[in-house]
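Take a look at the letters that make up each chain.
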Amino acid sequence: MKVIKTVSTMKALAREWRREGKRVGLVPTMGYLHEGHLSLVRESRGRADVSVVSIFVNPTQFGPNEDFKKYPRDLGKDSAYLREAGIDGLFYPEASEIYPPGYRTYVDIEGLQDRLCGRSRPGHFRGVATVVLKLFDIVGPDFAFFGAKDAQQVLIIKRMAADLNLDVEVVTCPIVREPDGLALSSRNAYLSPGERKAARVLSTSLRWAEKAVGAGERDAERLVAGIRSILEAEPLARIDYAEAVDPETLEPVAEIHGEVLVALAVFFGATRLIDNLRLNV
Ligand code: PAF
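Residues numbered from 1 in each chain as written. Predicted model: local features only at pLDDT ≥ 70, side-chain atom pairs only at ≥ 80, totals over all residues. Heavy atoms only, no water.

**Q** I'd like a rundown of the site of the ligand, residues and numbers included.
**A** If you check the shell around the ligand, you find Pro28, Thr29, Met30, Asn58, Gln61, Val128, Val131, Phe146, Asp150 and Gln153 and nothing else. Gln61 places a polar side-chain atom, nitrogen or oxygen, 2.6 Å from an oxygen atom of the ligand. One nitrogen or oxygen atom from the side chain of Gln153 is found 2.7 Å from an oxygen atom belonging to the ligand. For the ligand, the protein covers 88% of the area, taking 290 Å² as the surface of the free molecule. Of the residues that constitute the shell around the ligand, the class distribution is five nonpolar, four polar and one charged. (Near = heavy atom within 4 Å. Polar contact = N/O pair within 3.5 Å; in protein donor to acceptor, adjacent residues only side chain to side chain. Areas by Shrake-Rupley, 256 points an atom, 1.4 Å probe, with all protein chains shown as cover. Nonpolar A, V, L, I, M, F, W, Y, C, P; charged D, E, K, R; others polar.)

Encoded structure:
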């Protein structure tokens, strides 16, 4: 596995691969890898000839009072996982490589970036879209892999790729969960034992919603109210949002019909976790 720290080296290597006719897969991450990331890596290795994982804790997607400084980092462990997984390149740039002095260019995905997570994290998706576009330019992947847990992120990246005619297939991979249902996230590491136990309520509420829809519930307001009451019964949970939305526009729906995304963001202490359920009725 090659460890690449500069944009110019990464671009040169990617050019060489393309000259050799190899199809490149990219898994963008912020590190502190878990089984969810490794499932993306496996998908990339299955589809592409060479696979690159980027590890970059992207400062522009964190708000001023968010956890940029304390975001968990463990390059030693991450590299060992990636070597073991058979990754060809680990792109691990310094912030100054991605945002050199005088940097001023950002990507806005109008209409989508201010809904759901964007409401409580203003500027977050602007930072995500900007860094992902830069990574696409640097690595020039044929495929890029993202987890379905960040449904809004995947939607925004797909929208950007379509709007800017990018030659990359954005592949969504299923949510990976702990045996008790909690979706894997690097931020789970922040949870105290009590909060970790309480966080099961996210998937419990979504499983309830799935069953309710299976039993014929079609009223979105009632469905969301049911989810909220399950979340509110957990004393350590504080709801940021719980919504049933159109998965393409993220606008709230009135009726559970066709494709619907049920999306949640809930605080456990200072840790904000997200989860979602994709319904097709
Ligand atoms: O999902 C993440 O880890 C990040 O938002 C991403 C896509 C790597 C961009 O920094």
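**Q** So, the side chain of Ser54: which residues are in play, and what are the values?
**A** Among the secondary structure elements, Ser54 is positioned in strand E3 (residues 50–55). With a relative accessible area of 0%, Ser54 lands in the buried category. The residues touching Ser54, leaving out its near neighbours within four places in the chain, are Leu26, Val27, Pro28, Thr29, Phe91 and Leu135. (Helix = DSSP H or I, 4+ residues; strand = E, 2+ residues; numbered from the N terminus. Buried < 20%, exposed > 50% of the residue type's maximum accessible area, 1.4 Å probe, protein only. Contact = heavy atoms within 4.5 Å.)

**Q** Which residues make up the nonpolar core, and what values do they have?
**A** Counting 44 residues, the largest nonpolar core has Met10, Val52, Phe91, Ile98, Val132, Phe136 and Phe146 as the members making the most contacts within it. Counting only elements with at least two residues in this core, the list comes to helix H1 (7–19), strand E2 (24–29), E3, helix H6 (124–139), strand E5 (143–147), helix H7 (151–163), strand E7 (237–245) and strand E8 (259–268). By residue number, the principal contributor to this core is H6, which donates nine residues. Not counting chain neighbours up to four residues away, the residues in contact with Met10 comprise Ile4, Trp17, Val52, Phe91, Ile138 and Val139. (Core = buried A, V, L, I, M, F, W, Y, C linked by side-chain atoms within 4.5 Å.)

**Q** Would you mind going over the packing of aromatic side chains in detail, with residue names and values included?
**A** The geometry of two aromatic rings is summed up by the distance between their centres and the angle between their planes. Tallied over the full model, the rule gives six aromatic pairs. Ring centres 5.9 Å apart and planes at 75 degrees place the aromatic pair Phe62 and Tyr71 in the edge-to-face group. Neither residue differs from the other here; Phe62 and Tyr71 are each classed as buried. Pairing Phe143 with Phe145 gives two aromatic rings, centres 6.3 Å apart and planes at 40 degrees, and the pair type is tilted. A connected cluster of aromatic rings, assembled from ring pairs, spans Phe56, Tyr99, Tyr103 and Tyr106. (Phe/Tyr/Trp six-rings, centres within 6.5 Å; stacked < 30°, edge-to-face > 60°.)

**Q** Requested: an account of the packing of H1 against H6, with residues and values cited.
**A** Where H1 meets H6, the closest approach of the two axes is 7 Å, and the angle between their N-to-C directions is 55 degrees. Classified by the interaxial angle, the pair formed by H1 and H6 is oblique. Residue-level contacts link Val7, Met10, Lys11, Ala14 and Arg18 of H1 to Asp137, Ile138 and Val139 of H6. (Axes fitted to C-alpha atoms, helices over the stretch in contact; angles between N-to-C directions. Parallel < 35°, antiparallel > 145°, perpendicular 65-115°, else oblique.)

**Q** Which residues make up unusual backbone geometry, and what values do they have?
**A** Of note, the phi angle at Leu116 is positive, near 40 degrees, even though the residue is not glycine. Relative to the helices and strands, Leu116 is located in the loop between helix H4 (95–98) and helix H5 (117–120). A relative accessible area of 3% means that Leu116 is categorised as buried. If you check the backbone angles, Asn165 has positive phi at about 50 degrees while not being a glycine. Relative to the elements of secondary structure, Asn165 occurs in the loop between H7 and strand E6 (169–173).

It is worth stressing that arrangement in space is one thing and function is another; only the former is reported here.
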